[in-house]
Amino acid sequence: MADVVVLGAGVAGHTAALHLSRLLPKGHTVTVVSPNSRWNWIPSNIWVGVGKMGKQDVVFPLEPVYRKKGIRFVQAKAVAIRPEGDAEGARGAVDVVHTSPARDGEEERLRYDYLINATGPQLKFGMTEGLGPDAGHTVSVCTADHAVHAAAELQAAIERMKAGEHQTLVVGMGHGTCTCEGAAFEYVFNVDHELREAGVRDRARVVYLSNEAALGDFGVDGMTFAERGFETTSELWTASLFRERGVEAILGAHVHRIEPGVIHYETLDGEMHELAFDFGMLLPPFGGVPLKAYDRDGEDITDRMFAPSGFMKVDADYTAKPYEEWRGDDWPRTYLAPGYDNVFAVGIAFAPPHQISRPRKSPNGTVIAPSPPRTGMPSGVMGKTAAMTIVDRIKHGSERPAHEASMARMGAACVASAGAGMRRGSAAAMTMMPVVPDYSRYPTGRDTADTRGELGLAGHWVKLMLHHLFLHKAKGRFGWHLIPE
Ligand SMILES: Cc1cc2nc3c(=O)[nH]c(=O)nc-3n(C[C@H](O)[C@H](O)[C@H](O)COP(=O)(O)OP(=O)(O)OC[C@H]3O[C@@H](n4cnc5c(N)ncnc54)[C@H](O)[C@@H]3O)c2cc1C
């Protein structure tokens, strides 16, 4: 009988755990380790962050779902991986520190036959002085609690405008190496909508501040859309959306420091600037969750298993090479850690081989280049792929080939939808296929039949539908596995 341990109960880990419990025969165990007792549908934090939804609409407790599915839930954070075991035996092990009120701080070593690392991002607000809601002067929508705080701060800015004041609202990226530009784009779209609904848009200067060298880059080097036989770019598409809404864009920016009311940033031309602001939602850079790794003798092998960014190395080609030589084939397919055919890293936890967007530096040597996004759909697909490999190997033997899912073969979607309700919303929806461009297969790097930018109410319905469908799926309710990742 085999023991499978999944670290992280987000999009990738939770998806993997649900599929493992569905497909594994009785007798095998599935254990999920996660520090938070609740699941969060992170994409809808955007709506929480403008007050259109409450925290209770985007989170639910994990334990009842896991109890129903026969999954063991350990509320704890993983701190170390021992892929070769320890002095007690050769089975792999994970060191965890409990975080539930009943066992807070207790340490435990869990044994596994298969391990999935799906610990997602570490939110590195500390990389920019003054960034973030805890020790800084800006808000965030990365967690449901952050989003609740962001909504309150936005409302306070709206009240000041109603009282006659003018306000500058800045939305974007808090560091030159941030990823997740799509989330900032969605949020600025929503903020603009809220200001209009509140009747104060004329008193607001709305600024999108990003590390992207051009609008519409989104950390994926931009997209080419085919529209009624004509080709257009995501740059033109995004620029026209911003122009229509009166959103100013500051591009190619690395934020150095934030003081109360002032953002200090450098642009790709090397110039230093200051931007006065009243409300700022700036995303932090992401790193890997800090995990150590040890070999059987207790020697530290963290540098072997993890990239300097803290993300876990998998079956990617990590050879350093110039942008012109980057290929879709550099990207991982199986998510297996090199040297260990029972350890996987999926979702944001795996180390990308390189950026997707063209790397850039200012003349001062400051890196200003979006990191590669690993969005929800690919994260879910990777979680399922690792789960399928494990199920196959447990059922039919460890020699079975691994299932594959490369980001150079799979698509992603970003729907910036503003407003709530069925009739009054509107959306800017983008789909791309594949995420990592492949110029050997497509002249524009992507399949123009599935790479699109659409505007209108239909996209808003899709976003609302996805919110309800994904919560239904994550709760493991009737037919959940028929809903695609
Ligand atoms: C505001 C926002 C909006 C977004 N909107 C979209 C969107 O519209 N569409 C889209 O496709 N994507 C969107 N994304 C991206 C999407 O949320 C991520 O791609 C997805 O959550 C990544 O899944 P993951 O499982 O890798 O990480 P997560 O979902 O972050 O899960 C990580 C899990 O690991 C747990 N964990 C952390 N540390 C440890 C530890 N030490 N030990 C064990 N567990 C640990 C966490 O508690 C969590 O349960 C958005 C992201 C943000 C921030």
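See the structure printed just above.
Predicted model only: the values in this text are computed from it and were never measured.

Student: Would you mind going over the environment of T431 in detail, with residue names and values included?
Tutor: Within the secondary structure, T431 is located in strand β23 (residues 426-432). Along the primary structure T431 and T451 are separated by 20 residues, whereas in three dimensions their C-alpha atoms are 5.1 Å apart. Dropping the residues within four chain positions of it, T431 is found in contact with G411, A413, D450, T451 and R452.

Student: If you had to explain the site of the ligand to someone new, which residues and values would you point to?
Tutor: Taken together, 36 residues form the shell around the ligand, and within it G8, G10, G120, G347 and G376 come nearest. Sorting the residues of the shell around the ligand by element identifies α1 (11-23), β2 (29-34), α2 (45-48), β5 (72-82), α8 (376-396) and β22 (412-418) as the ones contributing at least two each.

Student: Can you lay out the nonpolar core for me, pointing to particular residues and giving the numbers?
Tutor: Counting residues in hydrophobic clusters, the biggest one holds 143 residues, and the most contacted among them are V6, A16, V94, V188 and V346. Once you skip the residues sitting within four places of it in the chain, V188 turns out to touch V171, V206, Y208 and V247.

Student: Before we move on, could you go through the pairing of β2 and cite the residues and values that matter?
Tutor: The element β2 is largely enclosed, with a buried count of five among its six residues. With five bridges connecting them, strand β1 (residues 3-7) and β2 associate as parallel partners. When the sheet's bridge partners are listed, D3 is paired in β2 with T29. Following the backbone out of β1, through α1 and into the adjacent parallel β2, one traces a crossover that is right-handed. Here β2 runs beside β5; their pairing, made up of four bridges, is parallel. In the sheet register, V32 faces β5, and the bridge partner there is F73.

Student: Would you mind going over the sheet that holds strand β15 (residues 253-259) in detail, with residue names and values included?
Tutor: Ordered by their spatial adjacency, three strands build an open sheet running β15-β16-β17, and the pairing between neighbours is antiparallel. Whereas interior strands pair on both sides, the edge strands pair on one side only; in this sheet they are β15 and β17 (272-276). Each adjacent strand pair in this sheet contributes to an overall mean axis angle of 25 degrees, direction not counted. Alignment of strand β16 (residues 262-267) against β17, held across five bridges, turns out to be antiparallel. Paired with E266 across the strands is M272, a residue of β17.

Student: Would you mind going over the packing of α1 against α8 in detail, with residue names and values included?
Tutor: Running from N to C, α1 and α8 cross one another at 35 degrees; their axes reach a closest spacing of 7 Å. For α1 against α8, the interelement crossing comes out right-handed. Between α1 and α8, the residues in contact are V11, A12, G13, T15, A16, H19, L20 and L23 and G376, S379, G380, M382, G383, K384, A386, A387, I390 and V391, respectively. Taken together, the residues of the contact of α1 with α8 sort by class into ten nonpolar, seven polar and one charged.

Student: Go over unusual backbone geometry with me, naming the residues and quoting the values.
Tutor: If a residue is not glycine, its phi is most likely negative; likewise, a peptide bond is most likely trans. The omega angle of the peptide bond from M433 to P434 is -5 degrees, so this bond is cis rather than trans. Take P434: it is sitting in the loop between β23 and β24 (452-456). One non-glycine residue with positive phi stands out, namely C180, at about 75 degrees. Assignment of secondary structure puts C180 in the loop between β10 (167-173) and α5 (181-197). Although it is not a glycine, Y335 adopts a positive phi angle of roughly 70 degrees. For Y335, the location among the structural elements is in the loop between α7 (302-305) and β21 (343-345). For Y335, a count of 30 C-beta atoms within 10 Å translates into the label buried.

Rules used throughout
- Residues numbered from 1 in each chain as written.
- Predicted model: local features only at pLDDT ≥ 70, side-chain atom pairs only at ≥ 80, totals over all residues.
- Helix = DSSP H or I, 4+ residues; strand = E, 2+ residues; numbered from the N terminus.
- Contact = placed C-beta atoms within 7 Å.
- Near = placed C-beta within 6 Å.
- Core = buried A, V, L, I, M, F, W, Y, C linked by C-beta atoms within 7 Å.
- Buried ≥ 20, exposed ≤ 12 C-beta atoms within 10 Å, placed from the backbone.
- Pairing = 2+ DSSP bridges.
- Right-handed = clockwise from strand over helix to strand, strands pointing away.
- Axes fitted to C-alpha atoms, helices over the stretch in contact; angles between N-to-C directions.
- Left-handed = near helix turned anticlockwise from the far one by under 90°.
- Nonpolar A, V, L, I, M, F, W, Y, C, P; charged D, E, K, R; others polar.

Function-wise, these values are silent; they only describe arrangement.
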